[in-house]
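Understanding the architecture of this molecule
One letter stands for each residue in the lines below.
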Amino acid sequence: MRIERITLRQIRMPLVHFFETSFGRTTTRDIILVEAQGEGMSGWGEVTAGENPFYNEEWTAAAWLILREYVAPRVLGRPLAGAHEVGRLSEHIRGHQMARGGLEAAAWDLEARREGVPLWKKIGGGARREIPCGVSIGIQNTVAELLETIERELAAGYQRIKIKIKPGWDIDVVRQVRERFPAIKLMADANSAYTLADAEHLRRLDEFYLMMIEQPLSHDDIIDHAELQSKLATPLCLDECIRTAHHVEQAVRLRACGIINIKLGRVGGFGEARRVHGAAQAAGIPVWCGGMLESGVGRAHNIALATLPDFVLPGDVSASRRYWERDIIHPPVEVTPHGTIAIRDTPGFGYDLDTGYIRHLTVREECLG
Ligand code: OSB
Ligand code: MG
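Just so you know, these numbers come straight off a predicted model, no measurement behind them. (Residues numbered from 1 in each chain as written. Chains lettered and ligands numbered in written order. Predicted model: local features only at pLDDT ≥ 70, side-chain atom pairs only at ≥ 80, totals over all residues. Heavy atoms only, no water.)

Looking at the coordination of the magnesium ion (ligand 2)
All of the protein donors around the magnesium ion (ligand 2) are D189 (OD), E214 (OE) and D239 (OD); their distances to the metal are 2.1 to 2.3 Å. Along the chain, the residues donating to the magnesium ion (ligand 2) are arranged with the sequence spacing D-x24-E-x24-D. Placement of E214 in strand β8 (residues 213–214) and of D239 in the loop between β9 (236–238) and α9 (245–254) is noted, with a sequence separation of 25 residues between them. What makes E214 buried here is its relative accessible area of 0%. With relative accessibility at 0%, the residue D239 sits in the buried group. (Donors = N, O, S within 2.8 Å, 3.2 Å for Na, K, Ca; no water. Helix = DSSP H or I, 4+ residues; strand = E, 2+ residues; numbered from the N terminus. Buried < 20%, exposed > 50% of the residue type's maximum accessible area, 1.4 Å probe, protein only.)

This is the structure in structure tokens:
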């Protein structure tokens, strides 16, 4: 296989509803789509970086530069034994996993389409025909709005509810959600809004029997999470901290968490995602697939990823309509009344691209190679 041309497109898509985390509010996404062409076919990937370097150090504008200046030149025109080689070609770059992962995922999609097989099969997935789905609900203006949103998502069938927390929007909010919904699968994600000094405060969450608390402490601190975990009954789940399989091994050694959220972009693509998955599975740690407010392209990749065997918990991958008035893939991602996404057997990531609509949304485009 050879990638002869790479097209970067930045598309701008307004969210149906703002999404607020402890690090800020997002109303419009600026997403880089990566089209990798070879032998007359195209594969597509999505860079999952945010618009600002607040979730991690990556952001859309920087990802564009890294892809153009460092990643694409290493991959273009080079004979490849397969998509599995693409990730290795940019491993010398420190960080920037999301930028690198966008091209890596496009290469996997291209290879799957060339062979006429679904992407989930290509990456060694297929452990389930339906992906269990949860929703991630951002910080709202009022608790009443949050309760109303939860009610609606449960009615739609979603299997678990994740709410975002931060200092000032935590214990009291979780208490009210629990009082209203005593039996649901519930969890909270802090996106690094606390420090170890808040351990006693966070311990108050134990009484609400949450499935897990996601990334309460610093984005890069596994050691502090281990200390916090020793003080809590509720399992911790690491998101931001886990970028490599080695991080999983370190977290396991330190007993820093009971659960891991795997995000395709955060770990740099399918190659490392599979290694992260393998390390978690070997340690008996269940995983689930996180989300980054993806367009249909990233969403479709997430669905394929979540068919690997250890993805036993409901993830943050949900229906297109929760994010977009109109998605860039066809059909849009839909969720069954029992809160699952059915996987598709179409070659590649399994959905058609709405190229006309992508053109309409494009604010920047560059052809490489
Ligand atoms: O921490 O999981 C996170 C969105 C943006 C940045 C970080 C996170 C999230 C989500 C949303 O929780 C998941 C989704 O619905 O795509
Ligand atoms: Mg998270």
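Here the narrative resumes.
Brief notes about the sheet that holds strand β7 (residues 185–189)
Overall, parallel pairing links the 7 strands, which are arranged β5-β6-β7-β8-β9-β10-β11 in an open sheet. Each of the sheet's edge strands pairs with one partner strand only, and the pair in question is β5 (134–137) and β11 (287–289). Where strand β6 (residues 160–164) lies against β7, 5 bridges are found, and the strand directions are parallel. Its bridge partner being in β7, R160 is matched across the sheet by K185. (Pairing = 2+ DSSP bridges.)

Quick look at the pattern of salt bridges
With the rule as written, the count across this model stands at 31 salt bridges. Here K122 makes a salt bridge to E111, at a shortest N to O gap of 3.9 Å. Of this pair, K122 sits in helix α4 (residues 119–122) while E111 sits in helix α3 (residues 97–115), and the two are 11 residues apart along the sequence. A relative accessible area of 23% means that K122 is categorised as partly exposed. Residue classification places E111 among the buried residues on the basis of a relative accessible area of 8%. Each of R160, K162, K164, D189, E214 and D316 takes part in a single network of salt bridges with overlapping partners. (Salt bridge = Lys/Arg side-chain N within 4 Å of Asp/Glu carboxyl O.)

Details of unusual backbone geometry
Cis geometry is adopted by the peptide bond preceding P331, which originates at H330 and carries an omega value of -10°. Here P331 shows up in the loop between β12 (329–330) and β13 (340–342). Positive phi is not limited to glycine here, since N191 has a value of about 45°. With respect to the secondary-structure elements, N191 resides in the loop between β7 and α7 (199–203). A positive phi is found at Q215, a non-glycine position, where the angle reads about 35°. Tracing the backbone through its elements, the reader meets Q215 in the loop between β8 and α8 (222–231). In this structure Q215 comes out as buried when scored by relative accessible area, which is 0%.

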